[in-house]
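Spelled out, the chains give:
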Amino acid sequence: MKKIKRKLSIYIHIPFCIKKCNYCDFLSFPAGERERERYLGALLREIEGEAHKYKDYFVDTVFLGGGTPTVLSGKQIGRVLEELKAGFSFVGGSNIGGMAEITMEANPGTVDREKLEQCRQAGVNRLSIGAQSLRNQELALLGRIHRAEDFYQAYRWAREAGFGNINVDLMAALPGQKPEEYLETLRKAADLGPEHISAYSLIVEEGTPFYDWYGEGGGRERQEKANGYAGRGEEDSAGAGEGMPALPSEEEERLMDEWTGKILGEYGYRRYEISNYARPGYECRHNMAYWKRYDYAGFGLGAASMVGNVRWKNSADMGKYLGCMEAETVKEEVCELSIQEQMEEFMFLGLRLTEGVGKKEFYEAFGEDMASVYGKVMEKLESQGLVTDGERVRLTPYGRDVSNYVMAEFLF
Amino acid sequence: MSSIDQSKIRNFCIIAHIDHGKSTLADRIIEKTGLLTSREMQSQVLDNMDLERERGITIKAQTVRIIYRAMDGEEYIFNLIDTPGHVDFNYEVSRSLAACDGAILVVDAAQGIEAQTLANVYLALDHDLDVFPVINKIDLPSAQPQWVKDEIEDIIGLEAQDAPMISAKNGIGIEDVLEAVVKKIPAPSGSADKPLQALIFDSLYDSYKGVIVFCRIKEGRVKRGTEILMMATGAKAEVVEVGYFGPGQFIPCNELSAGMVGYITASIKNVKDTAVGDTVTDAKNPCAEPLPGYKKVNSMVFCGMYPADGAKYPDLRDALEKLQLNDAALQYEPETSVALGFGFRCGFLGLLHLEIIQERLEREYNLDLVTTAPGVIYRVYKNNGEMIELTNPANLPDPSEIAYMEEPIVSAEIMVTTEFIGSIMELCQERRGKYLSMEYMEETRALLKYELPLNEIIYDFFDALKSRSRGYASFDYDLKGYEESKLVKLDILINREEVDALSFIVHADSAYERGRKMCEKLKDEIPRHLFEIPIQAAVGGKIIARETVKAMRKDVLAKCYGGDITRKKKLLEKQKEGKKRMRQIGNVEIPQKAFMSVLKLDDK
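To start, this report covers the structure provided alongside it. (Residues numbered from 1 in each chain as written. Chains lettered and ligands numbered in written order. Predicted model: local features only at pLDDT ≥ 70, side-chain atom pairs only at ≥ 80, totals over all residues. Heavy atoms only, no water.)

Along the backbone of chain B there are 13 helices and 32 strands. Within chain B, the fraction of its 604 residues that count as buried is 59%. The long-range fraction of contacts in chain B, counting pairs at least 24 apart against all pairs at least 6 apart in sequence, stands at 68%. A total of about 24900 Å² of accessible surface is found on chain B, and carbon and sulfur atoms cover 47% of it. (Helix = DSSP H or I, 4+ residues; strand = E, 2+ residues; numbered from the N terminus. Buried < 20%, exposed > 50% of the residue type's maximum accessible area, 1.4 Å probe, protein only. Contact = heavy atoms within 4.5 Å. Areas by Shrake-Rupley, 256 points an atom, 1.4 Å probe, with all protein chains shown as cover.)

Turning our eyes to something else, we now look at the pattern of salt bridges. Side-chain pairing between opposite charges can occur once the charged atoms of the two side chains come close. Residues and elements named next belong to chain A. For the structure shown, the criterion picks out 69 salt bridges over all chains. Between Arg-135 and Glu-181 there is a salt bridge; the shortest N-O distance is 3.3 Å. With Arg-135 in the loop between strand E5 (126-132) and helix H4 (136-142) and Glu-181 in helix H6 (residues 179-192), this residue pair connects regions lying 46 residues apart in the sequence. Classification of Glu-181 by relative accessible area gives buried; the value is 16%. Among the salt bridges present, the one from Glu-184 reaches Lys-188, with a minimum N-O distance of 3.0 Å. Of the two residues, Glu-184 and Lys-188 both sit in helix H6, four residues apart, roughly one turn of that helix. Through salt bridges with shared partners, a single ionic network connects Arg-135, Glu-138, Glu-181, Glu-184 and Lys-188. (Salt bridge = Lys/Arg side-chain N within 4 Å of Asp/Glu carboxyl O.)

In this complex, chain A contributes 52 residues to the contact, which on the side of chain B involves 32 residues. Interface area for chain A against chain B, summed over the two sides, is near 4000 Å², with a carbon-plus-sulfur share of 50%. Linking chain A with chain B are six salt bridges. For Lys-313 of chain A, the salt bridge goes to Asp-564 of chain B, with nearest N and O atoms at 3.3 Å. At the surface where chain A touches chain B, the tally comes to six residue pairs in polar contact (both at pLDDT 80 or more). Here the residues of the side of chain A that touches chain B sort into 21 nonpolar, six polar and 25 charged. (Buried area = accessible area lost by both parts, 1.4 Å probe. Polar contact = N/O pair within 3.5 Å; in protein donor to acceptor, adjacent residues only side chain to side chain. Nonpolar A, V, L, I, M, F, W, Y, C, P; charged D, E, K, R; others polar.)

Glancing now at the packing of aromatic side chains. Residue and element names in this part refer to chain A. A full pass over the atoms with the stated rule returns 31 aromatic pairs over all chains. A centroid spacing of 5.3 Å and a plane angle of 80 degrees characterise the contact between Phe-346 and Phe-362, whose relative ring orientation is edge-to-face. In this pair, Phe-346 sits in helix H12 (residues 339-350) while Phe-362 sits in helix H13 (residues 359-366), placing the two residues 16 residues apart along the sequence. By relative accessible area, Phe-346 is classed as buried at 16%. Both rings, one in Tyr-374 and one in Phe-412, keep their centres 5.5 Å apart while their planes meet at 25 degrees; by these two values the pair is stacked. A residue pair is termed long-range when its members are at least 10 positions apart, and Tyr-374 in helix H14 (residues 370-383) and Phe-412 in the segment after helix H16 (403-408) qualify at 38 residues. Through a chain of ring-to-ring contacts, three or more aromatic side chains come together here, namely Phe-346, Phe-362, Phe-366, Tyr-374, Phe-410 and Phe-412. Of note, Arg-279 hangs over the ring of Tyr-269, and the distance from its end group to the ring centre comes to 4.6 Å. (Phe/Tyr/Trp six-rings, centres within 6.5 Å; stacked < 30°, edge-to-face > 60°. Lys NZ or Arg CZ within 6 Å of the ring centre and 35° of its normal.)

Residue and element names in this part refer to chain A. Of the two faces of strand E10 (residues 296-299), the one holding Tyr-296 and Gly-298 and the one holding Ala-297 and Phe-299 are both buried throughout. In terms of strand pairing, strand E1 (residues 6-14) meets E10 through four bridges, oriented parallel. Looking at E10, one finds that Ser-9 is bridged to Tyr-296. (Pairing = 2+ DSSP bridges.)

Residue and element names in this part refer to chain B. Taken together, the side chains of Asp-309, Asp-315, Asp-318 and Glu-321 define an acidic patch exposed on the protein surface. Structurally, Asp-318 can be placed in helix H7 (residues 313-326). Using a relative accessible area of 35% as the deciding quantity, one classes Asp-318 as partly exposed. (Patch = residues over 30% accessible without salt bridge, like charges linked within 9 Å, V, L, I, M, F, W, Y side chains within 5 Å. Lys, Arg positive; Asp, Glu negative; His and termini not counted. Charge placed at Lys NZ, Arg CZ, Asp CG, Glu CD.)

Turning next to the pairing of strand E2 (residues 62-69) of chain B. Residues and elements named next belong to chain B. For E2, a buried count of six out of eight residues is recorded, marking the element as mostly surrounded by other parts of the structure. The pairing of E2 with strand E3 (residues 75-82) spans eight bridges and is antiparallel. Its bridge partner being in E3, Val-64 is matched across the sheet by Leu-80. Here E2 folds back onto E3 in antiparallel fashion, the turn holding five residues, of which Gly-73 has a positive phi close to 85 degrees.

Residues and elements named next belong to chain A. The sheet built from three strands is open, its strands ordered E14-E16-E15 with antiparallel pairing. Strand pairing shows two members of the sheet lacking a second neighbour, strand E14 (357-358) and strand E15 (387-389), which therefore form its edges. Bridging between E14 and strand E16 (residues 392-395) involves two bridges; their strand directions are antiparallel. The partner of Val-357 across the bridge, within E16, is Val-393.

Below is the structure:
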């Protein structure tokens, strides 16, 4: 009997960028050509060394993320895909960009038509362009290296290079941003007609310049407080570092989020995840794999993996990664998930999706009724108006607003 | 063993203002006399508890016997008794002093005399101790040893020109100190042939030996088999072992006789039977009178202590029981709170004592505690002539039954440089202080005397004092007595429910201000819920202040990048963990630290 192969997603981490953005806490930093080439060597070695472990899998999606993968040359990106092609079987056979979803992130400031063509030739069939905003003032505040014009140019080149599946990354709740300014960016992006739009709210992460300026939580809560105290003259400096515009209030931020759904709905996009919108059939399969807990292998510095309910992460130490001859030794935090942990993940990851979590799938996965495990929690959350309970359990719009609170309830 | 030549014994202690280098000097003396090599020497040998070392304070009296070969070629026995260094432990200090014949006064060469320097010197002189000064930290760039010497002579009247000039930290001048001990501190008096009369200056509980009594033999002798009587408590026991104190260990010997400092074990089960200050005598041949100065130590500060996890109540009880074995000043009795469940009302000598017990419970017994706002004992006189000593605000009778109330008042002495006199007087005024006097110690420093209500200083008076004087003010106090006062109970309502554990007694004139600040503080402490939460302060059912915790609008994880689910889960876990540290009151979750927030009303 022929063994049925399982689906695998692959994440490739490129930890380089031209310059760190002010909000970025991802594992990424500027590097010279020599360092990039050395890294590429180590990455290819890791892929080659690991591939044989995935003989029973076919690759359904690949995601080249970063950092900025497009700081690499088209040729270098091609070599990564070649290595994957050599080591793995892909859904749809040898034409790896045929049926599999091969996404690459691109910074508008680092692409030209030739590079995009090379990538398309190499098999990349989905491009995720980090626009973030289409207002130059905002882009400058974020510390982005590109301007709005660069994005439009990159988008055009991408279409010309034959990319039929493009995502545009946008950010809301930027410093000093008024809701209508955000909506302007949103409309302009939607006008271009990309297949997919991701719209995230800015989160002020520790260790970023924004954190230094705005402090934990972005000072939004404090600002609420300052507003509450208005007239008492306390904490009037809440929320912003010197010369920095204040972050929008929570109310404004929620307004932006609400309008994102409405406006993109009018353009024919459907919200399928907390921050992701797509035209029908263009939902990002790679991201879905995370939410649905399909197996995925991550390669590169600091990349995370989950295969067969074992999670691990590669070391984030570049020296260690480069010097490593045996992939096993860069794996850290290797952890086999208990049934309980699997259930927790099933719930808090699945709830991010608009379709929610299915009771049937839960039973199939664990041989237990969701109600017997989480009945009490769901009852409470439903009474609070945060989830709807049926064949599938879903977040209500308010539940989505406070999804952390809801998800934490599913932890044991 | 041939009996020890009484004339070669020196019993002494080191007294100093906090941070003037008392424990460091003790370390050096021990090191110098060769008890420990410096390699074995952990800094501050006498501070046994981790907590003591960390905080740089001495909580329990520690004693060590050392042998010193003096310049005259003779060997001397030094009993160095390290005394607790905080006003909370004043009584313990006075008993330790009573066990000595002399004291070394350490004065910081840069700071000179401080309030506690004076308080300690007077205490030592009260006990007829021979005091000689040493000037410490002479190697500091800011040291002014001559000025300090003059100051000691002018203010205290102690001969100081030949005071040893030392740096305890760097081991400079320690020999001089040891020689001065031999020459300036008298040998103990007393006769071994008289009936036994020994002063208890500390005791601790050991799970093998039972209670170990630290004592100074004033008259007579004691050895294994002596039947002893504790004169104040009336407890009797047969001596199992006597001995003296090596560094960090007990060294048994045959007999303790007049002039000696040592320990007695007698299979005593409870430290309460061996009260500090009590006199030990021979039950069969008792001395005529106990030694003077015994008093029962009473708790001054009270608070509720509750296990964060209600199921840990028995653990908390066991832990308190064990701590009390070593700390007779710790009192506790069970109480219940609607908000917090089962716990204990605990009594302490002062706020530092409270904090220490709290930290020890958390660290040594691994307990997670919720502590309510500390209060003092109020005297409530009812219309029917009855008087209640109130330690828990929740037990305050209905106002209609109360004739009047009294609160404890302390006499406080504050030493401050003249530039800060204004702001310190202002602080005392704010805390309802009654100005008594101001004396200039010299041109730049003054000693302020105030009467202050104890409940105004148990919160953060010390911190406020430090911050308003840039650290230069020092402070000492003594309980003076009770005075009538206009007091009210301030209640806090969260989501319209009264939270008994947040109630406290406050002077009527400060009620509004405190209530308002309390609401503001709680607003910061209580996380946003799915619904709006009103926080109200009320006196006698009348709302005097209100704040609102707005409903939660947003709490979303954005990007789940590169499939790093573990990181996101950790965030959720942190959130969940945070909730575990909360107390559910009605349908509001209140963080445990909110119950202490009344303590920090004067932050900012």
